[in-house]
Amino acid sequence: MLKLTNISQQFGDKILYQDLNLQVNKGEHVGLIGQNGAGKSTLIKIITGEVLPDEGNVYFPPSMQLGYLDQYVEVDENLTIMEFLQTAFQKDLDKEKQINQLYIDYAENMDDKLLNKAGELQNQLDQGDFYQMDTLIHEMATGLGIDVLGLDTSLKSLSGGQRSKVILAKLLLEKPDTLILDEPTNHLDDTHVEWLTEFLKNFDGTFLVISHDRNFLNEITTHIADIEFGKLTKYTGNLDKSLKQKEVNRESYIRNYESQKKHIEKTEAYIRKYKAGSRSTMAKSREKQLDKIERLTPPDHAAKANFNFPYREIVTTLALTTDELSIGYEKPLLDPINLTIRYGEKVAIKGFNGIGKSTLLKTLLGVIPSISGEFAFPAKTSISYFSQDLDWDSPMQSPLQYLSNLYPKATIKDLRGQLSRAGLVNELAQEPLKRLSGGEQTKVKLAQMTMDESNFLMLDEPTNHIDHETKESLKEAIEKFPGTVIIVSHEQDFYEDFVDRIIDIAD
């Protein structure tokens, strides 16, 4: 269903892949994994034709229908959610129009060929899903939590996350032969991730999916495609089975690399020593042999993130209280909230997407006004906030320039150190922000949080784009932080070990 042959891609000095190959067969459910910056999203763009590779070819069967989750696709924003989801059945809707026109034409000239054609088209509609369209749309809307938005709501009034869910719903309703999904769970809460998991497990077609949600990948995959060392390795089995095989392969690769490196160094030393002497013929022969060796790519010793959120002392019993706090925009999203959080408490806030978790945080931060009611922090509260949005005022700035503008008194050495501790090595620190992967951009934001002393962390979906190793480092930093923490996340397995309680905002 998909074949990548000898794909090579380079951006500036950064080589993403060299002679990358992948074959995805009919019915396979493939998870695409790799560290942040390995080139997963770029590979998806190469597959969909958005980016042309420097070298290599992409092949699909000629008649195959490809479905791609593009969260930035242009849509007619005047449509309602229902009208937009109905466009998933556009071919059938066109057939229905054609049938009606054929009957009109038949009434005028009584040509039996028109009746036969109408009959053929009617038979196609009868055998498909056309007459179950509304039922299928409502099932999909319920499964992904879109129904609570109201199917008569126009697309232009949706948030970015809500819009992404609606686009995902349309894609799944289209039932393409092959699905390409880049982080499909990012805007879903636990309940809807479970529903999507079951849907994809039972999906008859083929799919390739990027996700940093380990449980989700483990449940839905039959194969794993892993990008490492600029190459792609395909494993059979789910994520757990594949990672065990990967560890064996990795150890073998590193042994082979070290062995080859020693051989090359030894041969080069021999050539230097004897090239001009009595053994020059032998030296030149070895030089030719060395030129023919296919050199292994050095193992990627990516900088491991090591976060530390600086703490500012405060003496208090309560960290936050709300009194009949009503949040929303033009109208309240929830009943008034009465909430008390003790100082030093670590709290997870959950609830279906669109219910108001991010809105609550932004209200507490003063980014948007409350509709009514009150909230209070004690004096000397210092809040450090992580927003899930990867929006930059100057996207062509490098991470180094971005932090330097925010902290003009900090030395370049200090800023480089902060970025390095966040897992961004020197060359990435000087790349434009817009060219970094989602995970690398997230690391810039986390690096910024490590620059400020605080006693209250507010984190809105901090794990959306980061790899497993970075998640573990972030989890350790939050656990060690002596102040108060509110975290919003759809990954319960990330926070359940360190939070003191979970608040379901819907209750």
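What you see is a predicted model; the values in this text were computed from it and never measured.

Undergrad: Quick question: what am I supposed to make of the domain arrangement of the protein chain here?
TA: Interface extent is often summarised as the accessible area lost during association of the parts. Once the domains are mapped, the protein chain shows domain 1 (1-64 + 182-193 + 205-237), domain 2 (66-175), domain 3 (243-291) and domain 4 (318-504). Spacing between the C-alpha centres of domain 3 and domain 4 amounts to 48 Å.

Undergrad: It is not clear to me how the sheet that holds strand S11 (residues 340-342) should be interpreted in this structure. Could you clarify?
TA: Sheet strands pair by backbone hydrogen bonding; their relative direction is either parallel or antiparallel. Ordered by their spatial adjacency, three strands build an open sheet running S11-S10-S13, and the pairing between neighbours is antiparallel. At either end of the open sheet lies a strand with only one pairing partner, and these are S11 and strand S13 (372-376). For this sheet, the mean inter-axis angle between neighbouring strands, taken without regard to orientation, is 5 degrees. In the packing of helix H11 (residues 357-364) onto the sheet, the strands contacted are strand S10 (318-326) and S13, and the crossing angle to S10 comes to about 110 degrees.

Undergrad: Help me understand helix H12 (residues 399-406), please; the structure alone is not making it clear to me.
TA: Along an α-helix, residues three or four apart share an orientation, since each turn contains 3.6 residues. Those residues of H12 that sit buried are Pro399, Leu400, Tyr402 and Leu403. Buried residues in H12, looked at end-on, bunch into an arc of 160 degrees, giving them a common side. Contact partners of the buried residues in H12: helix H13 (412-421), helix H14 (426-429) and helix H15 (438-449).

Undergrad: Looking at this model, I keep getting lost on the nonpolar core. Mind explaining?
TA: Across soluble globular proteins, nonpolar side chains have a tendency to be buried as a group. If you look at the biggest cluster of nonpolar residues, it comprises 47 residues, and the most contacted ones within it are Ile81 and Ile146. Counting residues per element, this core draws most heavily on helix H6 (residues 160-174), at seven residues. Lining this core are residues from two domains, each supplying at least three of them: domain 1 (1-64 + 182-193 + 205-237) and domain 2 (66-175). The next biggest cluster of nonpolar side chains, apart from the first, holds 35 residues, and it includes Phe386, Leu400, Tyr407 and Tyr495.

Undergrad: When you look at helix H3 (residues 90-109) in this model, what are you seeing that I'm missing?
TA: The terminal C-alpha atoms of H3, which comprises 20 residues, lie 29 Å apart, in line with the 28 Å expected from a rise of 1.5 Å per residue. On its buried side, H3 packs onto helix H4 (112-127). Positive backbone phi, approximately 55 degrees, marks Met110, located one or two places after H3.

Undergrad: Explain the side chain of His29 to me, please; I cannot follow it from the model alone.
TA: Along the chain, the position of His29 falls in strand S3 (residues 29-33). A distance of 3.1 Å separates the side chain of His29 from the backbone oxygen of Phe203, its partner in a polar contact. Within the structure, His29 has its side chain in polar contact with the backbone oxygen of Gly205 (distance 3.2 Å). With residues near it in sequence (within four places) discarded, His29 still touches Leu200, Lys201, Phe203, Gly205, Phe207, Ile220, Thr221, Thr222 and His223.

Undergrad: Just to check I follow, could you spell out the packing of helix H9 (residues 239-274) against helix H10 (residues 280-292) for this structure?
TA: One way to put it is that H9 packs onto H10 with a least axis distance of 9 Å and a crossing angle of 145 degrees. For the pair H9 and H10, the sense of crossing is left-handed. In contact with Ile264, Thr267, Glu268, Tyr270, Ile271 and Tyr274 of H9, H10 contributes Ser280, Met282, Ala283, Arg286, Glu287 and Leu290. When grouped by side-chain class, the residues that make up the contact of H9 with H10 number seven nonpolar, two polar and three charged.

Undergrad: When you look at the environment of Asp240 in this model, what are you seeing that I'm missing?
TA: Its location among the elements puts Asp240 in helix H9. Along the sequence, Asp240 and Leu136 sit 104 residues apart, while their C-alpha atoms lie 33 Å from each other. Those residues in contact with Asp240 that lie beyond four places of it in its chain are Arg214 and Asn218. A polar contact of 2.8 Å, which involves the side chain of Asp240, links it to the side chain of Asn218.

Undergrad: Which parts of the structure should I look at to understand the packing of aromatic side chains?
TA: Two measures describe an aromatic ring pair: the distance that separates the ring centres and the angle between the ring planes. By the definition in use, this model includes 10 aromatic pairs. Between Tyr270 and Tyr274, the aromatic rings sit 4.7 Å apart at their centres with planes inclined by 55 degrees, giving tilted as the arrangement. Here Tyr274 and Tyr270 lie together in helix H9, a separation of four residues that amounts to about one turn. Seen from their ring centres, Phe377 and Phe456 are 5.8 Å apart, and the 85 degrees between their planes marks the pair as edge-to-face. Separated by 79 residues along the polypeptide, Phe377 in the loop between S13 and strand S14 (383-386) and Phe456 in strand S15 (residues 456-460) bring together distant segments of the chain. Counting every residue linked through ring pairs, the aromatic cluster contains Trp195, Phe199, Phe203 and Phe207. The positively charged end of Arg279 is found above the aromatic ring belonging to Tyr274, 4.5 Å away from the centroid. In this structure, Arg286 packs its charged tip against the face of Tyr270, placed 3.9 Å from the ring centre.

Undergrad: Looking at this model, I keep getting lost on the pairing of strand S6 (residues 178-182). Mind explaining?
TA: Counting buried residues in S6 gives five out of five residues, a clear majority hidden from the surface. Residues Thr178, Ile180 and Asp182 line one face of S6 and the alternating positions Leu179 and Leu181 line the opposite face, and both faces are buried. Direction of pairing for strand S5 (residues 66-68) relative to S6: parallel, over a ladder of three bridges. For Gly67, the partnering residue across the bridge sits in S6 and is Leu179.

Undergrad: How should I be thinking about a negative patch on the surface in this particular structure?
TA: A cluster of acidic residues, Asp19, Asp54, Glu55 and Glu294, forms a negative patch on the protein surface. Mapped onto the elements, Asp19 comes out in strand S2 (residues 14-24). Assessed through its relative accessible area of 39%, Asp19 is described here as partly exposed.

Undergrad: Is there a simple way to explain the sheet that holds strand S4 (residues 55-59) in this structure?
TA: Taking strand neighbours across the sheet as the criterion, the three strands line up as S2-S1-S4 in an open arrangement whose pairing is antiparallel. Each of the sheet's edge strands pairs with one partner strand only, and the pair in question is S2 and S4. When strand polarity is set aside, the average angle formed by the axes of neighbouring strands in this sheet is 20 degrees. Taken together, the seven bridges between strand S1 (residues 2-11) and S2 define a ladder with antiparallel strand orientation. Along S2, the bridge assignment pairs Leu4 with Leu22. Of the strands in this sheet, S1, S2 and S4 touch helix H1 (residues 40-48), which is tilted by about 125 degrees from S1.

Conventions we followed
- Residues numbered from 1 in each chain as written.
- Predicted model: local features only at pLDDT ≥ 70, side-chain atom pairs only at ≥ 80, totals over all residues.
- Heavy atoms only, no water.
- Domains from an automatic or database assignment.
- Pairing = 2+ DSSP bridges.
- Helix = DSSP H or I, 4+ residues; strand = E, 2+ residues; numbered from the N terminus.
- Axes fitted to C-alpha atoms, helices over the stretch in contact; angles between N-to-C directions.
- Contact = heavy atoms within 4.5 Å.
- Buried < 20%, exposed > 50% of the residue type's maximum accessible area, 1.4 Å probe, protein only.
- Arc of directions from axis to C-beta.
- Core = buried A, V, L, I, M, F, W, Y, C linked by side-chain atoms within 4.5 Å.
- Expected span 1.5 Å × (residues − 1).
- Polar contact = N/O pair within 3.5 Å; in protein donor to acceptor, adjacent residues only side chain to side chain.
- Left-handed = near helix turned anticlockwise from the far one by under 90°.
- Nonpolar A, V, L, I, M, F, W, Y, C, P; charged D, E, K, R; others polar.
- Phe/Tyr/Trp six-rings, centres within 6.5 Å; stacked < 30°, edge-to-face > 60°.
- Lys NZ or Arg CZ within 6 Å of the ring centre and 35° of its normal.
- Patch = residues over 30% accessible without salt bridge, like charges linked within 9 Å, V, L, I, M, F, W, Y side chains within 5 Å.
- Areas by Shrake-Rupley, 256 points an atom, 1.4 Å probe, with all protein chains shown as cover.
- Salt bridge = Lys/Arg side-chain N within 4 Å of Asp/Glu carboxyl O.
- Lys, Arg positive; Asp, Glu negative; His and termini not counted.
- Charge placed at Lys NZ, Arg CZ, Asp CG, Glu CD.

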